[in-house]
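Now for the letters of each chain:
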Amino acid sequence: MNTTYGIIWKILNTLDLALDLECVPPEELSAKKFKITENRFQNYLLMLQNAGYVDGVECSEYIDGSINFDISNIKITLEGIQFLIENSMMNKIAVAAKEIGLNVAEAGITALLKP
């Protein structure tokens, strides 16, 4: 599930699981962990913050063009948790619908093959 949606879901899930910790272990929340570029990772985090799903992402751009990206205080928000819950339910419904569709199709083929 290395689609944009899949990675965003994984980032939010990682933050949800880290709620019991003092901070998110850096190795658990990194571009390398999600097998994406650093630039893409930072853009996802900024998008998630702008959408209200996370808080604590700090991006500072300096006159010399350098950028400081700090996620040491990142946390999932209530909206982020709600996104995970709603999308987990939708995923379960989609899987169930697919299984039902396959079962119906299999039954139809079996009925056609019987003499």
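This text follows the structure it describes.
Residues numbered from 1 in each chain as written. Predicted model: local features only at pLDDT ≥ 70, side-chain atom pairs only at ≥ 80, totals over all residues. Heavy atoms only, no water.

Draft legend 1. Main features of helix α3 (residues 38-50). Between its terminal C-alpha atoms α3 stretches 18 Å, which fits the 18 Å expected from 13 residues at 1.5 Å a residue. Every buried residue belonging to α3 is among F41, Q42, Y44, L45 and L48, and all of these are buried. The arc that holds the buried residues of α3, viewed along the axis, is 155 degrees, so those residues lie on one side. Projecting away from the buried face of α3 at angles above 90 degrees are the exposed residues N39 and N50. On the buried face of α3, the contacting elements are α1 (4-17), α2 (31-34), β1 (54-55) and β3 (67-70). Just beyond α3, the residue with positive phi is G52, at close to 90 degrees. (Helix = DSSP H or I, 4+ residues; strand = E, 2+ residues; numbered from the N terminus. Expected span 1.5 Å × (residues − 1). Buried < 20%, exposed > 50% of the residue type's maximum accessible area, 1.4 Å probe, protein only. Arc of directions from axis to C-beta. Contact = heavy atoms within 4.5 Å.)

Draft legend 2. Here's a closer look at the pairing of strand β2 (residues 58-61). The pairing of β2 with β3 spans four bridges and is classified as antiparallel. Pairing of E61 across the sheet is with I67, part of β3. Hairpin connection, β2 to β3: the antiparallel pair is bridged by five residues, and G65 has positive phi, about 95 degrees. (Pairing = 2+ DSSP bridges.)

Draft legend 3. Region of interest: the pattern of salt bridges. The final tally for this structure, using the stated rule, is one salt bridge. K33 serves as the salt-bridge partner of E28, at 3.3 Å between the closest nitrogen and oxygen. (Salt bridge = Lys/Arg side-chain N within 4 Å of Asp/Glu carboxyl O.)

Draft legend 4. Up close: the nonpolar core. The biggest cluster of nonpolar side chains holds 23 residues, and the ones touching the most others in it are I11, L29, F41, L45 and I74. Every element with two or more residues in this core is listed here: α1, α2, α3 and α4 (78-113). Apart from the residues within four sequence positions on either side, L29 is in contact with I11, T14, L15, V24, F34, F41, I71 and I74. (Core = buried A, V, L, I, M, F, W, Y, C linked by side-chain atoms within 4.5 Å.)

These figures come from the coordinates and say nothing about function on their own.
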